[in-house]
Amino acid sequence: MRGPVSHRALSAVLSVLGLVAMFVLMTVSPARAGENVFIEVTPNPAQAGSRVSIRASCDNANNRQAEVNSDAFGRVMLRPDNGFLTGAVTIPSNKQAGDYPVDLRCSNGNTASTVLTVLNMTQPSKGPATGGGGTAGGRGVGSLLLVGGLVAVTVVAGVGARRRTGPRD
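Bear in mind the structure is a predicted one, so any value in this text is a computation, not a measurement.

Turning our eyes to something else, we now look at the confidence of the model for the protein chain. A residue-level look at the protein chain finds 60% of positions with pLDDT of 70 or above and a mean pLDDT of 77. pLDDT under 50 marks residues 16–34. Its contacts with residues more than four places away, or in other chains, come to 2 contacts.

The next point concerns the packing of aromatic side chains. Summed over all chains, the structure comprises 1 aromatic pair. Of note, Arg55 hangs over the ring of Phe84, and the distance from its end group to the ring centre comes to 4.0 Å.

Following Thr42, the chain continues to Pro43 via a peptide bond in cis, the omega torsion being -5 degrees. Topologically, Pro43 is positioned in the loop between β1 (37–42) and β2 (46–47). Here the amide bond leading from Asn44 into Pro45 is cis, since omega sits at 10 degrees, within 30 degrees of zero. Within the secondary structure layout, Pro45 lies in the loop between β1 and β2. Phi angles above zero are rare outside glycine, and Asn82 is one such case at about 55 degrees. Position of Asn82 among the secondary structure elements: in the loop between β5 (74–81) and β6 (84–90). The class of Asn82 is exposed, set by a relative accessible area of 75%.

Attention now moves to the pattern of salt bridges. Enumeration over the complete set of coordinates arrives at 2 salt bridges. Here Arg55 and Glu40 are joined by a salt bridge, their closest N and O atoms 3.4 Å apart. On the criterion of sequence distance, the pair formed by Arg55 in strand β3 (residues 51–58) and Glu40 in strand β1 is long-range, its members being 15 residues apart. Measuring nitrogen to oxygen at the nearest pair gives 3.1 Å for the salt bridge that ties Arg75 to Glu67. Arg75 gets classed as exposed once you look at its relative accessible area, which sits at 55%. Its relative accessible area of 23% is what places Glu67 among the partly exposed residues.

Moving on: the state of the cysteines. All chains considered together, the criterion is met by 1 disulfide. Across a sulfur-sulfur distance of 1.9 Å, Cys58 and Cys106 are joined as a disulfide pair. Where Cys58 bonds to Cys106 through sulfur, the torsion about that S-S bond is close to -80 degrees, and the disulfide is left-handed. Placement of the pair is Cys58 in strand β3 and Cys106 in the loop between β7 (98–105) and β8 (111–119), with a sequence separation of 48 residues.

Rules behind the numbers
- Residues numbered from 1 in each chain as written.
- Predicted model: local features only at pLDDT ≥ 70, side-chain atom pairs only at ≥ 80, totals over all residues.
- Heavy atoms only, no water.
- pLDDT = per-residue confidence, 0-100.
- Contact = heavy atoms within 4.5 Å.
- Phe/Tyr/Trp six-rings, centres within 6.5 Å; stacked < 30°, edge-to-face > 60°.
- Lys NZ or Arg CZ within 6 Å of the ring centre and 35° of its normal.
- Helix = DSSP H or I, 4+ residues; strand = E, 2+ residues; numbered from the N terminus.
- Buried < 20%, exposed > 50% of the residue type's maximum accessible area, 1.4 Å probe, protein only.
- Salt bridge = Lys/Arg side-chain N within 4 Å of Asp/Glu carboxyl O.
- Disulfide = S-S within 2.5 Å.

Next up, the structure:
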């Protein structure tokens, strides 16, 4: 009796799945052209004076060049590269810190934009003044302390070993 019940249950489950699949296929609309237009800048935020990469898509026009404009770096032409449009540009080192719009203009008339955050942190010209650097080079005080410490450990170890092996009364 168990065999026919299992067959009926399996048949019912498959029928329900078939109805759900038909409903989904009938109500889903196809993707529309023009929805795949974007622009991205990496890294973002970026330090003034550094190079950024630009990647974009103009939907069905990724086989033609596109123009990017921004007050952060000027005008850049993106070229087709593996199904996307890519390019790179260096942000001028004297560019003021702030948020700059980056606008994409495609050859098919599509547009997109994003925002690039430019940082302008001054770079240190030398390392921080943290002390004399006694062990950094040459024979300074640090080297003498190291040698003195090794001698003291050796003397203590020798005295301890002699006491253990010395004559017993």
